[in-house]
Amino acid sequence: MPLLNDMPLERTDQIFRHPIHQDGVGTLVRLITALRQCRSAEDFYDFQQDLLARVLEVQEHRAGCRRVATLLRQGKAVPADAPELRSTGPATSPETWDLEADVCERVDRQLRSVADGLAWRVFSYDRRVIIALSRNQHPGPMAGKKGLVTNARS
């Protein structure tokens, strides 16, 4: 996805005004505030679970939107199990679904930045630990991956 500076003004305007982006801003504010209030291991765990739920939600929506855009480009109809379209564009246009997916990608990236903040806090801002843990390639979306299901605390 291109940087905002490289996009036409109309496209950046569509992204910033999109309901998912607008909701994402509020979610980011809430999450950052909650992260600053974490004190115990339990606080951090609860925060991580909330953040994970938000990440999975946006990743699943993005994947569904990409699937619908692909189907529309193949001349097929919008499937009955399509995600709820949050924008006002025509549901039969693949570009509408592309926009929605692009917005989800941006919100996902923003949420992952909050996750980075969580890591910095948990590891007491120790740069050595962060560097050691950040040497791997980005694993891609977590939604739908095997092994993601966790056991609830007793």
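Residues numbered from 1 in each chain as written. Predicted model: local features only at pLDDT ≥ 70, side-chain atom pairs only at ≥ 80, totals over all residues. Heavy atoms only, no water.

1. Here's the deal with the layout of surface pockets
Then step 1. Empty space within the second largest pocket amounts to approximately 260 Å³.
Then step 2. Residue lining of the second largest pocket: 13 residues in total, with Ile 20, Glu 57, Val 58, Arg 86 and Val 107 positioned closest to the centre.
Then step 3. Here the lining of the second largest pocket takes 5 residues from helix α2 (residues 19-37), the largest share from any one element.
Then step 4. A breakdown of the residues in the lining of the second largest pocket according to their chemical character gives 5 nonpolar, 4 polar and 4 charged. (1 Å grid on protein atoms, 1.4 Å probe; cavity = no way out; pocket = protein on both sides within 12 Å on 5 of 7 lines; lining within 4 Å. Points joined across faces, edges and corners; volume = space filled by probe spheres on them. Helix = DSSP H or I, 4+ residues; strand = E, 2+ residues; numbered from the N terminus. Nonpolar A, V, L, I, M, F, W, Y, C, P; charged D, E, K, R; others polar.)

2. Concerning the environment of Asp 50
Then step 1. In this structure, Asp 50 sits in helix α3 (residues 41-73).
Then step 2. In this structure, Asp 50 is in contact with Arg 30 and Leu 31, ignoring residues within four places of it in sequence. (Contact = heavy atoms within 4.5 Å.)

3. Things to note about the nonpolar core
Then step 1. Ranked by size, the top nonpolar core spans 19 residues in total, and within it Leu 31, Phe 47, Leu 51, Val 103, Val 107, Leu 111 and Val 114 carry the most contacts.
Then step 2. Put simply, the parts of the chain that give this core at least two residues each are α2, α3 and α4 (94-122).
Then step 3. Ranked by residue count, the leading element in this core is α4, at 7 residues.
Then step 4. Aside from chain neighbours lying at most four places away, what touches Val 107 is Ile 20, His 21, Gly 24 and Val 58. (Core = buried A, V, L, I, M, F, W, Y, C linked by side-chain atoms within 4.5 Å. Buried < 20%, exposed > 50% of the residue type's maximum accessible area, 1.4 Å probe, protein only.)

4. So, the packing of α3 against α4
Then step 1. At a closest axis distance of 8 Å, the pairing of α3 and α4 adopts a crossing angle of 160°. Of the possible angle classes, the one that applies to α3 and α4 is roughly antiparallel. α4 is crossed by α3, and the crossing has left-handed handedness.
Then step 2. Classifying every residue of the contact of α3 with α4 by side-chain character gives 19 nonpolar, 3 polar and 12 charged. (Axes fitted to C-alpha atoms, helices over the stretch in contact; angles between N-to-C directions. Parallel < 35°, antiparallel > 145°, perpendicular 65-115°, else oblique. Left-handed = near helix turned anticlockwise from the far one by under 90°.)

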